[in-house]
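Chain by chain, the residues run as shown.
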Amino acid sequence: MVEDPLATADCLQITREVGFDHLLMGGGKPYTTACPLPFQADSVKTARDVTRSTLRGWGLHDLSDDAALVVSELVTNAVRYAMYAAGRREIELLLMRVAPHVLLAVADPSDEVPRRKEPDFISENGRGLYIVETYSQCWGWDPLARGGKAVWALFRTES
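Treat the numbers as computed from the prediction; the structure is a model and nothing was measured.

This brings us to the side chain of His101. Position of His101 among the secondary structure elements: in strand β3 (residues 101-108). Polar side-chain contacts of His101 include one of 3.3 Å to the side chain of Gln137. Within polar-contact distance, the side chain of His101 engages the side chain of Arg156 at 3.5 Å.

The structure is reproduced here in structure tokens:
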């Protein structure tokens, strides 16, 4: 996460105002895209494609590649850890423009708290949240009322 306490507070304030439970239940707002994803590995590609096309549609071409990389990591983690969650097997991608920010979130049914590990650059895995932290302004997670969580990353835009 961001070391600056004021930046972290701003990130948390923005995510609390968004209300993930409301948005994930179909209470969409302008400049919001929600995309249900099947519980399978190729959902990562779908999430990248949706992220790129949405951001380009919002005129945020410069952000689309970094955001697609971060979404790839969030969806990969959701698929991996939701595998062990009881009940539903759905993942949902949420993109929201909260000027001057873009919020990306991936909701999954797992209650497991995401924890960033020190990256092992030789290993095949374990770098996901390090990548999210590196490319976004800040990241975090919020529990959902229905169970599970939304893991999010916030990007600051130029416009």
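Once that is clear, we can look at helix α4 (residues 61-82). The first and last C-alpha atoms of α4 sit 31 Å apart over 22 residues, in line with the 32 Å expected at 1.5 Å per residue. Of all the bends found along α4, the most pronounced is centred on Ala67 and spans about 25°.

Applying the stated criterion to the full structure yields 3 salt bridges. Residues Lys45 and Asp49 are paired through a salt bridge, measuring 2.7 Å at the closest nitrogen-oxygen approach. Here Lys45 and its partner Asp49 are both found in helix α3 (residues 43-57), 4 residues apart, which amounts to about one turn of the helix. Among the residues examined, Lys45 registers a relative accessible area of 48% and is labelled partly exposed. Of the charged contacts, one joins Arg52 and Asp65 as a salt bridge, the two residues approaching to 3.3 Å between their closest N and O atoms. Separated by 13 residues along the polypeptide, Arg52 in helix α3 and Asp65 in helix α4 bring together distant segments of the chain.

Right, let's get into the sheet that holds β3. Read across the open sheet, the 5 strands follow the order β1-β2-β3-β5-β4; overall the sheet is antiparallel. Of all the strands in the sheet, just β1 (32-38) and β4 (138-143) have a single pairing partner and so form its edges. Averaged over all pairs of adjacent strands, the angle between their axes in this sheet comes to 20°, without regard to strand direction. Across 7 bridges, the pairing between β1 and strand β2 (residues 90-98) is antiparallel. Looking at β2, one finds that Thr33 is bridged to Leu95.

Residues Val75, Leu93 and Leu104 are the most contacted members of the largest nonpolar core, which totals 28 residues. Put simply, the parts of the chain that give this core at least two residues each are β1, α3, α4, β2, β3, α5 (128-135) and β5 (149-156). Counting residues per element, this core draws most heavily on α4, which supplies 8 residues. For Leu93, the contacting residues outside a window of four places in its chain are Thr33, Ala34, Cys35, Leu37, Ala47, Val50, Thr51, Val71, Ala105 and Val106. Counting residues in each nonpolar core, the second largest holds 7 residues, with Leu103, Ala105, Trp152 and Leu154 among its members.

We now examine the packing of α3 against α4. Interhelical geometry of α3 versus α4 gives an angle of 155° and a closest axis separation of 8 Å. Judged on the interaxial angle alone, α4 and α3 are roughly antiparallel. Relative to α4, the crossing made by α3 is right-handed. Contacts between α3 and α4 involve Ser43, Val44, Ala47, Arg48, Thr51, Arg52, Leu55 and Arg56 on the former and, on the latter, His61, Leu63, Ser64, Asp65, Ala67, Ala68, Val71, Ser72, Val75 and Thr76. Of the residues assigned to the contact of α3 with α4, the class counts are 8 nonpolar, 6 polar and 4 charged.

Okay, the packing of α4 against α5 next. It is at 9 Å that the axes of α4 and α5 come closest, and there the two elements cross at 150°. Considered as vectors, α4 and α5 are oriented roughly antiparallel to each other. α5 is crossed by α4, and the crossing has left-handed handedness. On α5, the residues touching Asp66, Leu69, Val70, Glu73, Leu74 and Asn77 of α4 are Gly128, Leu129, Ile131, Val132 and Tyr135.

Rules behind the numbers
Every chain's residues receive numbers from 1 upward, in the order its sequence appears when written. Only residues with pLDDT of at least 70 are given local features in this predicted model, and only at 80 or more are side-chain atom pairs given and counted; all residues enter the totals for whole chains, interfaces and linings. Calculated side-chain values reflect all of the structure's heavy atoms, with hydrogen atoms and water omitted. Here a strand is any run of E in DSSP of at least two residues, a helix any run of H or I of at least four, and the numbering for each starts at the N terminus. We define a polar contact as two N or O atoms separated by no more than 3.5 Å, with the added condition that, inside protein, one atom must be a possible hydrogen donor and the other a possible acceptor, whereas residues neighbouring each other in sequence contribute only through side-chain atom pairs. Multiply 1.5 Å by the residue count of a helix minus one, and that product is the helix's expected span. One axis fitted to the seven residues ending at a residue, another fitted to the seven starting there: the angle between these axes is the bend at that residue. Any carboxyl oxygen of Asp or Glu that lies within 4 Å of a side-chain nitrogen of Lys or Arg is treated as forming a salt bridge with it. For the exposure calls, accessible area comes from a 1.4 Å probe over protein chains only, and a residue counts as buried if that area is under 20% of its type's maximum, exposed if over 50%, partly exposed in between. For two strands to count as paired, DSSP must find a minimum of two bridges between them. All axes are obtained by fitting lines to C-alpha atoms, using only the stretch in contact for helices, and the reported angles, taken between N-to-C directions, cover 0 to 180 degrees. The term nonpolar core refers to a set of buried residues drawn from Ala, Val, Leu, Ile, Met, Phe, Trp, Tyr and Cys, joined through side-chain atoms within 4.5 Å. Here, residues are in contact when the closest pair of their heavy atoms is within 4.5 Å. Here the angle decides the label: under 35 degrees means roughly parallel, over 145 means roughly antiparallel, 65 to 115 means roughly perpendicular, and every other value means oblique. Crossing handedness is defined as follows: a turn of the near helix away from the far one that is anticlockwise and smaller than a right angle gives a left-handed crossing, while the clockwise case is right-handed. Residues are grouped as follows: nonpolar covers Ala, Val, Leu, Ile, Met, Phe, Trp, Tyr, Cys and Pro; charged covers Asp, Glu, Lys and Arg; every other residue, Gly included, is treated as polar.

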